Amino acid sequence: MSETLFDDAGAEAQRGQEPLAVRMRPHTLDEVAGQRHLLGAGSPLRRLVEDDAPMSLFLWGPPGTGKTTLATVVSRATDRRFVELSAVSAGVKDVRGVIDEAKRRMGMHGTRTLLFVDEVHRFSKTQQDALLPAVENRWVSFIGATTENPFFSVVSPLLSRSLLLTLESLDDEDVRGVLHRALTDERGLAGRHTLAAEAEEHLVRLAGGDARRSLTYLEAASLVAGGRSEITLADLERAVDRHAVRYDRSGDQHYDVVSAFIKSMRGSDPDAALHYLARMIEAGEDPRFIARRIVVHASEDVGLADPGALQAAVAAAQAVDLIGLPEARINLAQAVLHIALAPKSNAVITAIDEALSDVRAGRAGPVPLHLRDGHYKGAESLGHGKGYRYAHDFPGGVVAQQYAPDGLDGRDYYRPTAHGAERRYGEVLQRIKEVQRRREAGPEPS
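Residues numbered from 1 in each chain as written. Predicted model: local features only at pLDDT ≥ 70, side-chain atom pairs only at ≥ 80, totals over all residues. Heavy atoms only, no water.

### Comments concerning the pairing of strand β4 (residues 141–146)
Counting buried positions along β4 gives six out of six residues, so the element sits mostly inside the fold. Neither face of β4 is open: one carries S141, I143 and A145, the other F142, G144 and T146, and all of them are buried. With four bridges joining them, strand β1 (residues 57–60) and β4 adopt parallel strand pairing. Paired with L57 across the bridge in β4 is I143. Each parallel crossover has a hand, and for strand β3 (residues 113–118) linked through helix α7 (residues 125–136) to β4 it is right-handed. (Buried < 20%, exposed > 50% of the residue type's maximum accessible area, 1.4 Å probe, protein only. Helix = DSSP H or I, 4+ residues; strand = E, 2+ residues; numbered from the N terminus. Pairing = 2+ DSSP bridges. Right-handed = clockwise from strand over helix to strand, strands pointing away.)

Structure (structure tokens):
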């Protein structure tokens, strides 16, 4: 009896020392923040909990989205024995030991085991292969958590025997809900503190969709506040050693900073462009929004003066989706520097906008007869395709004939500059136009 009392007292003391993020872990699926797409009625997670259905899952998502939380909730809700391994420190011997113990308990007591492997992408192929018999024979219910794309980091036999669930970063309202619950819940700060509005805004931005980070920062700020009831912005800035960036994602600051960012790239000032990029990242701007602006301006401000600028911008946007922040800051910075330092040309945007202007003004005559589709029955009798000259039959792959509708023949939309690679495109275009000017007479170019 005394040992039990001492054990209870020790457990209570340990709970008192646990970080706020650990104390506030949800106990039920209904307490889980975000991930609505995974928690609806009939979803695999609901089935695992409510129907006690045996299955194996991979949880793939950014840090702080609730992968460990979901695993522990499933364990509590189903009364399974919960065993957690970290792929950073566990080896094949540890994996086989857990599986052997799970088989023994199932055989002797009917007790089922839920094996949770955090950072499962760090397991070697041999370690992952060691899990296969247990997953296939359902000696354990397996949940693997990973921040890396499992199609690249997990062996296909293990992945094919498991459901893959993708977790998403929490949105701002999800993070606010986590913070409000932590401020009032007995497991958290139990109403001892309130959070000033500007401190809350800064904390939500700092969290970047990571619930664990938001609670870690909140706990640190509460220690700075001490006996004062309100946690202020100054408390939070001291606690995390990061000043609040004055940046309202829906207000003037947002538009002013984005405008300055774009104009700095256009104006070939790489340092200013990096400053505004850093300002947006630090303020919690959606990195996908930043990436989209970079992609747009790779064509709008650089275009064919450096065709590689668009490739760099698109690659950075893909990197944002693939790895996310903070690592993707490097990819964004590389694309920004590429655009800022590239030769500039607005010939692409000028060309398409002038073409659109003509179409919208009604300057869109009929397609010339020789360019019309001549593959259907009766087309020939209408004169469709008659007289069309196939460019590949002529030297240089260029042939003089009318392509634009009547009224727009000879209209120049694309006017290349002499900057960077566009000088070469301009020379090519000039040679093509010379051929077109000799449409009625003269030999074809060799």
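### Quick notes on the sheet that holds strand β5 (residues 163–166)
Strands sit in the order β2-β3-β4-β1-β5 across an open sheet of five strands; the sheet is parallel. The two strands at the open ends of the sheet, each matched to only one other strand, are β2 (81–86) and β5. In this sheet, neighbouring strand axes are inclined to one another by 20° on average, regardless of whether the strands run parallel or antiparallel. Where β2 and β3 come together, six bridges link them in parallel fashion. By the bridge assignment, V83 is partnered in β3 with L115. Sheet strands in contact with helix α5 (residues 67–78) are β1, β2, β3 and β4, and its direction is about 175° off that of β3. (Axes fitted to C-alpha atoms, helices over the stretch in contact; angles between N-to-C directions. Contact = heavy atoms within 4.5 Å.)

### Some points on the packing of aromatic side chains
All chains considered together, the criterion is met by two aromatic pairs. Centroid distance F58 to F142: 5.5 Å. Interplanar angle 75°. Geometry classified as edge-to-face. Taken together, the residues span a long stretch of sequence, with F58 in strand β1 and F142 in strand β4 at a distance of 84 residues. Just as F58 is buried, F142 falls in that class too. Measuring from centroid to centroid gives 6.2 Å for F82 and F116, while their planes differ by 20°, and the two rings are stacked. A residue pair is termed long-range when its members are at least 10 positions apart, and F82 in strand β2 and F116 in strand β3 qualify at 34 residues. Using a relative accessible area of 28% as the deciding quantity, one classes F82 as partly exposed. We note K103 situated over the ring of W139; from NZ or CZ to the ring centre the distance is 4.1 Å. Here the guanidinium or amino end of R424 rests over the ring plane of Y425, the centre of that ring lying 4.8 Å away. (Phe/Tyr/Trp six-rings, centres within 6.5 Å; stacked < 30°, edge-to-face > 60°. Lys NZ or Arg CZ within 6 Å of the ring centre and 35° of its normal.)

### As for unusual backbone geometry
Between L325 and the following residue, P326, the backbone shows a cis peptide bond with an omega angle of 10°. Tracing the backbone shows P326 in the loop between α17 (308–323) and α18 (328–341). Backbone geometry at Q35 places phi at a positive 55°, although glycine is not the residue there. Tracing the sequence through the fold places Q35 in the loop between α2 (20–23) and α3 (36–39).

### Brief notes about the side chain of K67
Mapped onto the fold, K67 is located in helix α5. Buried charge K67 goes without a salt bridge, the closest partner of opposite sign being D118 at 6.4 Å. (Lys, Arg positive; Asp, Glu negative; His and termini not counted. Salt bridge = Lys/Arg side-chain N within 4 Å of Asp/Glu carboxyl O.)

### Re the side chain of R176
Here R176 shows up in helix α10 (residues 172–184). Relative accessible area serves as the criterion here: at 13%, R176 is assigned to the buried category. At 3.0 Å, the side chain of R176 forms a polar contact with the side chain of E200. Reaching out from R176, the side chain makes a polar contact with the side chain of E201 at a distance of 2.8 Å. Once residues lying within four places of it in the same chain are set aside, the contact partners of R176 are E200, E201 and V204. (Polar contact = N/O pair within 3.5 Å; in protein donor to acceptor, adjacent residues only side chain to side chain.)

### Structural notes on the packing of α10 against helix α12 (residues 211–225)
At a minimum axis distance of 10 Å, the contact between α10 and α12 shows a crossing angle of 40°. Put simply, α10 runs oblique to α12. Like other packed secondary-structure pairs, α10 and α12 cross with a definite hand, here right-handed. Within the contact between the two elements, α10 uses V175, V178, L179, A182 and L183 and α12 uses A211, S214, L215 and L218. Residues that form the contact of α10 with α12 fall into these classes: eight nonpolar, one polar and no charged. (Parallel < 35°, antiparallel > 145°, perpendicular 65-115°, else oblique. Left-handed = near helix turned anticlockwise from the far one by under 90°. Nonpolar A, V, L, I, M, F, W, Y, C, P; charged D, E, K, R; others polar.)

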